[in-house]
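# Notes for the structure review
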Amino acid sequence: MPVCALSFVMRYADGARAAARALAMAAAADLVSIEEMRDYHDLLKHFTGIPQGREGVDLGEENAWSPREMDMSLVWQLDARFPRPLLNRPVFDRSGRRIGTPDLIDVEAGVVGQYDGRLHLAGAQHAHDLRQEDDYRRVGLECFTIVAEDTTQTWRMVERMRAARARARFEPADRRAWTVDPPRWWVPTHTVELRRALSPAQRERFLRYRRTG
């Protein structure tokens, strides 16, 4: 059972962050949901590592597409001490056109965060990333980027996050030129439950990012 194996990994992981990362990656593969892990840990009240396992569940995400994205979210919450963000949630303009899907978005402030690994620094991908940032800024979103070299220096990540949030507009929802509420025709895939409900054809169409990202 995936929940049994993952519970062991989470309970004996090197801290709650590592436990949350393990859960996020299992959830991204639709092996377990956060609710399934929470229910399972409730059955193991006296097992070794259960407090850490439960903390990992509380920090868990079902829509992180990579370990680094999950780590960035944890730094945002635990080190920068900002509200929980949304991960890989599509952003639309008011006409329903998708602007992009940032790795992280703080809806309250209007901040998007991107993790750029070494692949993103190469020619065509780097140019695409710059255009994407321009698109976000055009509708009033503030941006920050974390690169691979930053991940060994948490203070640098926190500094960049705090600077972006200090620049953000904090616009009320009715005045924003953007939204995370999808148009009616959009097929959401941001939870394990939603992805499990997809047909094989829909999975092939909507979850291609798993093979490319």
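This text follows the structure it describes.
Residues numbered from 1 in each chain as written. Predicted model: local features only at pLDDT ≥ 70, side-chain atom pairs only at ≥ 80, totals over all residues. Heavy atoms only, no water.

## Things to note about the packing of aromatic side chains
Aromatic rings considered in pairs are described by the distance between their centres and by the relative angle of their planes. Taken as a whole and judged by the stated rule, the model has five aromatic pairs. Their ring planes at 55 degrees and their centres at 4.8 Å tell us that W76 and F82 sit as a pair that is tilted. On the basis of relative accessible area, W76 is assigned to the buried category, the value being 0%. On the basis of an interplanar angle of 5 degrees and a centroid distance of 5.8 Å, the ring pair of W76 and F144 is categorised as stacked. In this pair, W76 is assigned in helix α5 (residues 67-79) and F144 in strand β6 (residues 142-147), connecting sequence segments 68 residues apart. (Phe/Tyr/Trp six-rings, centres within 6.5 Å; stacked < 30°, edge-to-face > 60°. Buried < 20%, exposed > 50% of the residue type's maximum accessible area, 1.4 Å probe, protein only. Helix = DSSP H or I, 4+ residues; strand = E, 2+ residues; numbered from the N terminus.)

## Re helix α2 (residues 16-28)
Here α2 is 13 residues long and its end C-alpha atoms lie 18 Å apart, about the 18 Å a rise of 1.5 Å per residue gives. Along α2, the residues classified as buried are A16, A18, A19, A20, L23, A24, A26, A27 and A28. (Expected span 1.5 Å × (residues − 1).)

## Digging into the pairing of strand β5 (residues 111-116)
One face of the sheet, then the other: side chains in a regular strand alternate in exactly this way. With respect to burial, β5 is a largely interior element, six of its six residues being buried. Burial along β5 is two-sided: the face carrying V111, G113 and Y115 and the face carrying V112, Q114 and D116 are both buried. Bridge count for strand β4 (residues 104-106) against β5 is three bridges, and the pairing is antiparallel. Paired with I105 across the two strands is V112, which belongs to β5. Pairing of β5 with β6, which is carried by six bridges, proceeds in the parallel orientation. The partner of V112 across the bridge, within β6, is C143. (Pairing = 2+ DSSP bridges.)

By themselves, these figures tell us nothing about what the structure is for.
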